[in-house]
Amino acid sequence: MPKSDQASEEQGRAALRAALFVHRRAPLSRLLARRGLGPYRGYGELLEAIERLADRGAQVTLIGRSIRGEPLLAVHLGAASLAAARGEKQAAGLLTPAAQGGRSVANGVSLRPLGSTPDGTPDADGSRAPGGADDPAPGDAVLAQLAERAERASLRPSTGAGSRERVRTTVILSGIHPLEWIGIEAHLALLDRLATQDLGGRSILAVPIVNPDGLLRVEMNLRAGRHRYVRGNARGVDLNRNFDAGWYERGLIQRFIGLLFSPGSRPASEPEVEAIAHALSSRRIDRALSLHSAGGAVLYPPAHSLWPVADAAEHRAFAQRVARAADRRPYRAMSYVRFAWGVRKAGLEIDWLHDRHGALSLLVECSRGKLGLRPSRLVEPFAWHNPRRLDDATPPLVDALLPFVKGARA
Ligand SMILES: [Zn+2]
């Protein structure tokens, strides 16, 4: 395994462990379920889910830090993941079984069933505390040291000019808008499924929590019972207006509107967006998916122009296919600018992924934000974006999205 890959996996795991240590709290899901808001997990619980993916062989790397210093974590599956490199070394006899953590390698992804320890025995509760059976429980000082050392090594994952560049990559993003938690839950459910599947030489690069600062702010509000609308990062910038796509200096009126939906001071001015741009810079990306909520729609570029993209027909075919399968009543499928009533929006991730990388790009507005008649839901912005019945909404979504992210033809 290239040294830089090893370093980036080490720093990813160290950053994940350190964040888990800081954000371990009583489960948010129980609190929200009691209030009729659905069983959504808190930031710490979501990090645990990412750690479980890593325990099963996914590579987790640190691609940057948010404004408040939270780790921006990428989950890698498939051909270009570190697990594949491990498999090659295993064949060459360069790694001892102990060094592989008892993992078996299949389809380029090393797997261990969810809720099992490295020797295959199930965990008592299907989860695993940081510093479980395969690594000694580190104290705070050791944790901090680990994180620091790994980060000093390099914040940048390998941009190696080798095979990785030619590997077709699917990018998956969620948690850009911090109230839209169903996107993150659907994303993690999708990664759980992908981790058990043959990806046919494709690589998945997933960033489940693009805006951790925003997410933590929403969680704080939820725990305190405050009904607040939160859309931006820690500086109040709408990260989905900050990508370098159709970005332009704004006039007075747009600047005024920008106070509500700030696009930032320049393209990729925000560390969260810059980190994604950097992590993707050397990849060959042909599929991209960004999960939002709750418009019940599958949207494709453009957002910043009224002119259809050159590959509009291919986008439409995929969008319609996903829209039909996502729910019993199909989602809508159309270009973003049509969805926005012809109002052009600059700085969106799907435009950037399409224009810059040439990827077929879909933005899915998960679920339809059905509020019902409970007053507690009507005044709670979290309920506007996330259905109460999470477990009904995600399985069909995951089924609908799998063929697209795995590179199937339209
Ligand atoms: Zn959104």
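Residues numbered from 1 in each chain as written. Predicted model: local features only at pLDDT ≥ 70, side-chain atom pairs only at ≥ 80, totals over all residues. Heavy atoms only, no water.

### Topic: the overall build of the chain
In terms of regular secondary structure, the chain is built from 15 helices and 10 strands. Taking as baseline every contact in the chain between residues at least 6 positions apart, the subset at least 24 positions apart corresponds to 78%. (Helix = DSSP H or I, 4+ residues; strand = E, 2+ residues; numbered from the N terminus. Contact = heavy atoms within 4.5 Å.)

### Description of the sheet that holds strand 6 (residues 203-207)
One open sheet accounts for 8 strands, arranged 1-2-6-5-7-10-8-9; its pairing is mixed. At either margin of the open sheet sits one strand with a lone partner, and together these are strand 1 (59-65) and strand 9 (332-335). If you compare each strand with its neighbour and ignore which way they point, the axes differ by 20° on average. As paired elements, strand 1 and strand 2 (residues 71-78) share 6 bridges and run antiparallel to each other. Residue pairing across strands places Arg 65 opposite Pro 71, the latter belonging to strand 2. Relative to the sheet, helix 9 (residues 271-280) contacts strand 1, strand 2, strand 5 (168-174), strand 6 and strand 7 (284-293), its axis offset from that of strand 1 by approximately 130°. In the packing of helix 15 (residues 390-405) onto the sheet, contacts are made with strand 5, strand 6, strand 7 and strand 10 (360-366), and the angle to strand 7 comes to roughly 160°. (Pairing = 2+ DSSP bridges. Axes fitted to C-alpha atoms, helices over the stretch in contact; angles between N-to-C directions.)

### Section: the UniProt feature "active site" (unreviewed entry) in the chain
Within the UniProt annotation, "active site" (unreviewed entry) is assigned to Glu 365. A relative accessible area of 10% means that Glu 365 is categorised as buried. If sequence neighbours within four positions are ignored, Glu 365 has contacts with His 292, Ser 293, Ala 294, Gly 295, Gly 296, Ala 297, Leu 299, Tyr 331 and Phe 339. At 3.2 Å, the side chain of Glu 365 forms a polar contact with the backbone nitrogen of Ala 294. (UniProt positions renumbered as here; feature names shortened; annotations may be inferred. Buried < 20%, exposed > 50% of the residue type's maximum accessible area, 1.4 Å probe, protein only. Polar contact = N/O pair within 3.5 Å; in protein donor to acceptor, adjacent residues only side chain to side chain.)

### Observations regarding the pattern of salt bridges
Throughout the structure, instances matching the rule amount to 11 salt bridges. Asp 399 is the partner of Arg 193 in a salt bridge, and the nearest nitrogen-oxygen pair spans 3.0 Å. With Arg 193 in helix 6 (residues 181-194) and Asp 399 in helix 15, this pair connects stretches of sequence that are 206 residues apart. Residue Arg 193 is classed as partly exposed on the basis of its relative accessible area, which comes to 32%. For Asp 399, a relative accessible area of 43% corresponds to the partly exposed category. Put simply, Asp 238 and Arg 231 hold a salt bridge, and the shortest N to O gap is 2.6 Å. (Salt bridge = Lys/Arg side-chain N within 4 Å of Asp/Glu carboxyl O.)

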